[in-house]
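Residue-level structure breakdown
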Amino acid sequence: MAIRVQAEDFDVGAEYAALTRGRTSVGGVTLFSGLVRDMAGGAAVSAMTLEHYPGMTEKQLEAIEAEARRRWPLDDVLIIHRYGRLEPGDQIVLVATASAHRDAAFDSCRFLIDWLKTKAPFWKLEATPDGERWVEAKDSDDSAAARWDP
Amino acid sequence: MKIFYFAWLRTKIGVPSETIDLPAEVKTVGALVDWLKTRSAKHAEALANSKVVKVAVNQEHVPYDHPIEPGDEVALFPPVTGG
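Residues numbered from 1 in each chain as written. Chains lettered and ligands numbered in written order. Predicted model: local features only at pLDDT ≥ 70, side-chain atom pairs only at ≥ 80, totals over all residues.

1. Some thoughts on the overall build of chain A
A tally of regular secondary structure across chain A gives 4 helices and 10 strands. Counted from the first residue to the last, chain A has its helices and strands arranged as β-α-β-β-β-β-α-β-β-β-α-β-β-α. Over its C-alpha trace chain A gives a radius of gyration of 16 Å, about what one expects of a compact globule, namely 15 Å for 150 residues. Taken over the C-alpha atoms alone, chain A extends approximately 50 × 35 × 30 Å along its principal axes. Counting across all 150 residues of chain A, residues that qualify as buried make up 31%. Within chain A, residue pairs in contact and separated by at least 24 positions form 76% of the contacts whose partners lie at least 6 positions apart. (Helix = DSSP H or I, 4+ residues; strand = E, 2+ residues; numbered from the N terminus. Rg over C-alpha atoms; globule rule 2.2 N^0.38 Å. Buried ≥ 20, exposed ≤ 12 C-beta atoms within 10 Å, placed from the backbone. Contact = placed C-beta atoms within 7 Å.)

Next comes the structure, spelled out in structure tokens:
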């Protein structure tokens, strides 16, 4: 199990290798990585600054991971989420799930990113040609998370 | 009681956190938000639309009818936008 909230970048290949090394029970790994886009709502984005609530962030991510493990038979879960100033093309988040079979790996990865988007206390500030603006939450994120309601 | 503000609530109110003496009659999250509005014009403006003011007590998301105690850690923030 690993939850990491960090300013530094991460290496997806190295994380994948660490997740699978010596684990011959794992039959499949699903990886989701989120990146900073250069456009949002029709405006060019030159930078994005992620703010979070230290303490609560880790607590919420641990709770989300525990819920995924309760629902699916997972060999391992990795969530890395960055904060601070990022630029288009930079990695923001990595969610990886390892399981004996692909269904559990795919479904739990999708569940984790959907829940993370509505529960983990992060906020994005975008820099655009018109100045800085806080990203607004999307209804589509709420409905994506609601699909997983018990 | 310590109150934390994040994202545009922090920039509109102008401070990342403040320490308050919780009035005895303030017993729920909703009552606390209403009371905080009376502290300044900036508070009133930032907290005007309760639909976009979310609250955590002791680092857990809670609804406005959630009870609060003087020792609680309270945070106010807009809907989250991570991932």
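2. Digging into helix 2 (residues 56-71) of chain A
Residue and element names in this part refer to chain A. Along its 16 residues, helix 2 runs 23 Å from first to last C-alpha, staying within 8% of the 22 Å computed at 1.5 Å per residue. Met 56, Thr 57, Gln 60, Leu 61, Ile 64, Glu 65 and Ala 68 are the residues of helix 2 that are buried. Looking straight down helix 2, one finds its buried side chains confined to an arc of 170°; they lie on one side. Opposite the packed face of helix 2, turned more than 90 degrees from it, sit the exposed residues Ala 66 and Arg 70. (Expected span 1.5 Å × (residues − 1). Arc of directions from axis to C-beta.)

3. Remarks on the packing of helix 2 of chain A against helix 3 (residues 102-119) of chain A
All names here are of chain A. One way to put it is that helix 2 packs onto helix 3 with a least axis distance of 10 Å and a crossing angle of 150°. With respect to each other, helix 2 and helix 3 are oriented roughly antiparallel. Considering how the two elements wind past one another, helix 2 and helix 3 form a crossing that is right-handed. Along its contact with helix 2, which presents Gln 60, Ile 64, Ala 68 and Arg 71, the element helix 3 presents Ser 108, Phe 111, Leu 112, Trp 115, Leu 116 and Lys 119. Of the residues in the contact of helix 2 with helix 3, the class split is 6 nonpolar, 2 polar and 2 charged. (Axes fitted to C-alpha atoms, helices over the stretch in contact; angles between N-to-C directions. Parallel < 35°, antiparallel > 145°, perpendicular 65-115°, else oblique. Left-handed = near helix turned anticlockwise from the far one by under 90°. Nonpolar A, V, L, I, M, F, W, Y, C, P; charged D, E, K, R; others polar.)

4. Focus: the sheet that holds strand 1 (residues 2-5) of chain B
Residue and element names in this part refer to chain B. If you walk across this open sheet you meet the 5 strands as 2-1-5-3-4, and the pairing is mixed. Strands with a single pairing partner mark the edges of an open sheet, and in this sheet they are strand 2 (17-19) and strand 4 (60-62). The mean inter-strand angle of the sheet, taken between neighbouring strand axes irrespective of direction, is 25°. Of the pairings in the sheet, the one linking strand 1 to strand 5 (residues 73-77) comprises 4 bridges and is parallel in character. (Pairing = 2+ DSSP bridges.)

5. Some points on the pairing of strand 3 (residues 54-57) of chain B
Residues and elements named next belong to chain B. As paired strands, strand 3 and strand 5 are joined by 4 bridges and run antiparallel to one another. The residue bridging Val 57 from the neighbouring strand is Val 74, located in strand 5. By the bridge criterion, 3 bridges tie strand 3 to strand 4 in an arrangement that is antiparallel. Bridge assignment links Ala 56 to a residue of strand 4, and that residue is His 61. What sits between the antiparallel neighbours strand 3 and strand 4 is a turn of 2 residues, in which Asn 58 has the positive phi angle 50°.

6. Remarks on the interface of chain A and chain B
Interfaces are frequently sized by the accessible area removed from exposure as the parts join. Listed by partner, the interface residues are 21 residues for chain A and 15 residues for chain B. At the level of secondary structure, the elements contributing two or more residues to the side of chain A that touches chain B comprise helix 2, helix 3 and strand 9 (122-128) of chain A. Examining the composition of the side of chain A that touches chain B, we find that 5 residues originate from one element, helix 3 of chain A, more than from any other. Residue classes in the side of chain A that touches chain B are distributed as 12 nonpolar, 4 polar and 5 charged.

7. Examining the sheet that holds strand 5 (residues 47-52) of chain A
Residues and elements named next belong to chain A. With antiparallel pairing, the 4 strands of this open sheet are ordered in space as 7-5-9-10. Both edges of this open sheet fall to strand 7 (84-86) and strand 10 (131-134), since each of them pairs with a single strand only. Adjacent strand axes in the sheet meet at a mean angle of 25° when their direction is disregarded.

8. Focus: the nonpolar core
Ranked by size, the top nonpolar core spans 50 residues in total, and within it Val 95 and Leu 112 of chain A together with Phe 6, Leu 9 and Ala 75 of chain B carry the most contacts. When residues in this core are grouped by element, the largest group, 8 residues, is from helix 3 of chain A. (Core = buried A, V, L, I, M, F, W, Y, C linked by C-beta atoms within 7 Å.)

9. Notes on the environment of Val 45 of chain A
For Val 45 of chain A, the position within the fold is in the loop between strand 4 (43-44) and strand 5. C-alpha of Val 45 of chain A to C-alpha of Pro 129 of chain A: the two residues are 84 residues apart in sequence and 7.7 Å apart in space.

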